[in-house]
Amino acid sequence: MNKLFKSKIITNEAVTEEIYLISLEIPENIETKPGQFCILRLNHRLDPLLGRPFSIFDHVCGEIKFLYRVKGKGTKILSQLKKDELLTVTGPFGKWYPFPQGDFIVIAGGIGLASVYYLIKKFPKKAHLFYGVRNENEILFYEELKELAKHVYISTEKETSYTYRGVVTELFKEKGKSLSLPIYACGPMVMLKELKKIVNEAQPCYVATEERMACGVGACLGCVIETKQGFKRVCTDGPVFEIKELLL
Amino acid sequence: MPSLEVKIGNLTFKNPVLTASGTFGYGLEYSQFVDLNLLGGVVVKGLSLQPKQGNPPPRIYETACGMINSIGLQNIGFEEFKKEKLPFLKKFNTNIIVNFFGENLEEYIEMARLLDSLQEINALEMNVSCPNKDSEWRRMGLEPELLKKAVKEVRAITKKTLIVKLSPQGDVALMAKICEDEGADAVSLINTIPAMVIDIKTRRSMLGTSTGGLSGPAIKPIALRAVWEASQTIKIPVIGIGGIVTAEDALQFLIVGARAIQVGTANFINPQATVEIIEGIKQFLIEEKIKDVNEIIGSFIQ
Ligand SMILES: Cc1cc2nc3c(=O)[nH]c(=O)nc-3n(C[C@H](O)[C@H](O)[C@H](O)COP(=O)(O)OP(=O)(O)OC[C@H]3O[C@@H](n4cnc5c(N)ncnc54)[C@H](O)[C@@H]3O)c2cc1C
Ligand SMILES: Cc1cc2nc3c(=O)[nH]c(=O)nc-3n(C[C@H](O)[C@H](O)[C@H](O)COP(=O)(O)O)c2cc1C
Ligand code: FES
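Here the structure is a predicted model, which means the values were calculated and not measured.

(A) Expanded view of the sheet that holds strand 6 (residues 63-69) of chain A. Residues and elements named next belong to chain A. What the 7 strands build is an open sheet, ordered 4-3-7-1-2-6-5; its pairing is antiparallel. If you trace the sheet from one side to the other, it starts and ends with strand 4 (52-55) and strand 5 (58-60), each paired once. Each neighbouring strand pair of the sheet contributes to a mean axis angle of 35°, computed without reference to strand direction. As judged from the 5 bridges shared by strand 1 (residues 4-14) and strand 7 (residues 86-93), these two strands associate in the antiparallel manner. Residue pairing in the sheet places Ser7 in a bridge with Leu87 of strand 7. Where helix 2 (residues 113-122) meets the sheet, its contacts fall on strand 4, strand 5 and strand 6, and the angle it forms with strand 5 comes to roughly 45°.

This is the structure:
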């Protein structure tokens, strides 16, 4: 399968001040799975040198979407690209979330939503979503998520009128712990660490991880994460791992 | 069609473009992007006797036009390479070069002996230039006496084409001369340059270790100088490495005397960089009406 293609930008729009959704044209025959990622090359110059990895947010024949937070130099450049400009995309790469058999729990922290949205969409009305953000205006795609998921529970760290106040793992402890369903999670390291303390070893819990990447294909050994079996590559052995395998 | 063929030791390369160790895995990883049959050679990840787990993450950080890595020579070890990786590699019509290192001289010799026994391997690249200097033998790339002894002993063990991969630090021409005198068939330069990156908030390194090795376009001018100095001093071939991204970069190395080149970090930027470089060299020769790539090699005008 061809894993490198030039893609035309269909749209690239801000959904909040810091978060953007980019949509690209890709060949019809590309197959992707929730949890996988692509690497986007941002320009034709050598600075920034490396492409940037992003989870596949959504993919419907011929159109692929990525949701990203503007963090540094690379994502800043990405946010300034316009409709019809060309980007080089490599991927899809990595292991995906094992498909759920029935209902499942999703825990998303902030931009971590980017990695699990596609899963929720592929299995409509099956996800019990726990979605944590810092403040109310960072709640993204709320209407769509309510349609796609079975339940949506939101937590914000700042006080708001209609949501749970606190971190998402606390909300999950209160409302989701009694559900014995497989868990799929993506979010910042602090969230994953907390989650590891909460879930019992018998409950399957799949998490998407991040590390700095260069090649994306398992060749450079740059992206390793510590697991019970030693260092594993996030790009090819992951990014999805069972949480019990990880030494967080 | 111009000829792209070059010779190093007793080996013929269909073109002067090879992959650099540690940036192309064991070949398989990039075979989804590149037909390995098109390459002059594949240099695999640095191999040691036992598997090595490498340094703690984070292991890479991007710098201006470069990257710094502290992989720490993680590799699967000789036995697993032989069992799991070599059968795949030998299916291709290209030269297979194994980059290797040891914790001490005995291990270098043992590795050379084991690799020498594998028919599928065309050449050995002896890495004496790891930027991590925690033992006497890791310093051999910087200390003439240690290098002399090591090359001599490894040479005695193997008849295969022996390439010694040198560091850009120190007196490059002197070290290259030692390799030649002790019977190496070629030297390759350069390896990454020891470097640092600091997070001002935590006041710690951006890497899991304090220092790492710098590679990519940022180091190309340093590499060109090193290749030029070495190729003026020795008669055995020099293989140029460092920041080569395009055919133009590669041609610059050939002009200052490199017989072949290796593409490293550029694979990460563009997984098809190697084949584009081969194609670009070919086009250049056609445009300049040059029949043989060897006419370019060492054609630098002072
Ligand atoms: C598998 C995977 C999927 C990801 N999916 C998303 C996503 O869907 N949405 C999103 O907003 N972000 C995602 N990220 C994180 C995203 O790649 C980084 O935020 C981005 O690379 C930062 O680039 P920058 O140039 O803006 O920042 P800079 O700090 O300027 O980046 C400098 C260097 O660090 C690397 N880098 C920095 N942070 C990260 C990181 N967390 N992970 C990997 N490399 C990093 C960059 O690639 C670059 O080499 C993902 C990361 C990985 C590994
Ligand atoms: C991630 C990474 C891993 C490397 N691993 C090795 C190695 O195992 N052995 C070795 O001799 N050189 C290793 N190198 C050095 C490269 O082979 C090459 O000499 C260096 O990167 C300079 O070339 P470049 O600028 O084209 O990357 C490594 C480089 C990188 C970036
Ligand atoms: S990014 Fe190179 S091994 Fe994962």
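What follows continues from the structure just given.
(B) Broad picture of the domain arrangement of chain A. Residues and elements named next belong to chain A. What the domain assignment lists for chain A is domain 1 (3-93) and domain 2 (104-245). Using C-alpha coordinates to define each centre, domain 1 is positioned 21 Å away from domain 2. In this complex, domain 1 contributes 23 residues to the contact, which on the side of domain 2 involves 22 residues. When the two sides are added together, the surface that domain 1 and domain 2 hide from each other amounts to roughly 2000 Å², 68% of it contributed by carbon and sulfur.

(C) The arrangement of unusual backbone geometry in detail. Each neighbour pair has its own omega, and for Asp47 of chain A with Pro48 of chain A the value is 0°, a cis peptide bond. Relative to the helices and strands, Pro48 of chain A is located in the loop between strand 3 (37-41) and strand 4. A cis amide bond links Leu189 of chain B with the next residue in sequence, Ile190 of chain B, at an omega value of 15°. On the secondary structure map, Ile190 of chain B appears in the loop between strand 10 (186-189) and strand 11 (193-195). In this structure, Leu73 of chain B is a non-glycine residue whose phi angle is positive, near 60°.

(D) The interface of chain B and chain A, seen in detail. Taken together, the contact between chain B and chain A spans 33 residues of the former and 26 residues of the latter. Carbon and sulfur atoms supply 67% of the area buried between chain B and chain A, which totals about 2500 Å² over both sides. Together, Ile60, Glu62 and Ile269 of chain B form the three largest contributors to the area buried by chain B at its contact with chain A, with a combined 24%. Linking chain B with chain A are 1 salt bridge, by the criterion used here. Here the side of chain B that touches chain A takes 3 residues from strand 5 (residues 60-63) of chain B, the largest share from any one element.

(E) Spotlight on the packing of helix 4 (residues 172-181) of chain B against helix 5 (residues 220-233) of chain B. All names here are of chain B. Interaxial distance between helix 4 and helix 5 falls to 8 Å at its minimum, and their mutual angle equals 45°. When the axis of helix 4 is compared with that of helix 5, the two are oblique. The element helix 4 and its partner helix 5 pack so that their crossing is right-handed. Between helix 4 and helix 5, the residues in contact are Val172, Ala173, Ala176, Lys177 and Glu180 and Arg225, Ala226, Glu229, Ala230 and Thr233, respectively. A class-by-class count of the residues in the contact of helix 4 with helix 5 yields 5 nonpolar, 1 polar and 4 charged.

(F) Structural context of the site of ligand 1. Residue and element names in this part refer to chain A. Inspection of the region around ligand 1 gives 22 residues, with Pro53, Gly74, Thr75, Glu210 and Arg212 positioned closest. Within the backbone of Arg69, a nitrogen or oxygen atom sits 2.8 Å from an oxygen atom of ligand 1. Coverage of ligand 1 by the protein amounts to 89% of the 830 Å² it exposes when considered alone. Of all the secondary-structure elements, those providing two or more residues to the shell around ligand 1 are strand 4, strand 6 and helix 1 (73-80). A per-element tally of the shell around ligand 1 places strand 4 first, with 4 residues. Looking at the shell around ligand 1 residue by residue, the class counts come to 9 nonpolar, 5 polar and 8 charged. Two domains share the shell around ligand 1, each providing at least three of its residues, namely domain 1 (3-93) and domain 2 (104-245).

The rules behind each value
Residues numbered from 1 in each chain as written. Chains lettered and ligands numbered in written order. Predicted model: local features only at pLDDT ≥ 70, side-chain atom pairs only at ≥ 80, totals over all residues. Heavy atoms only, no water. Pairing = 2+ DSSP bridges. Helix = DSSP H or I, 4+ residues; strand = E, 2+ residues; numbered from the N terminus. Axes fitted to C-alpha atoms, helices over the stretch in contact; angles between N-to-C directions. Contact = heavy atoms within 4.5 Å. Domains from an automatic or database assignment. Buried area = accessible area lost by both parts, 1.4 Å probe. Salt bridge = Lys/Arg side-chain N within 4 Å of Asp/Glu carboxyl O. Parallel < 35°, antiparallel > 145°, perpendicular 65-115°, else oblique. Left-handed = near helix turned anticlockwise from the far one by under 90°. Nonpolar A, V, L, I, M, F, W, Y, C, P; charged D, E, K, R; others polar. Near = heavy atom within 4 Å. Polar contact = N/O pair within 3.5 Å; in protein donor to acceptor, adjacent residues only side chain to side chain. Areas by Shrake-Rupley, 256 points an atom, 1.4 Å probe, with all protein chains shown as cover.

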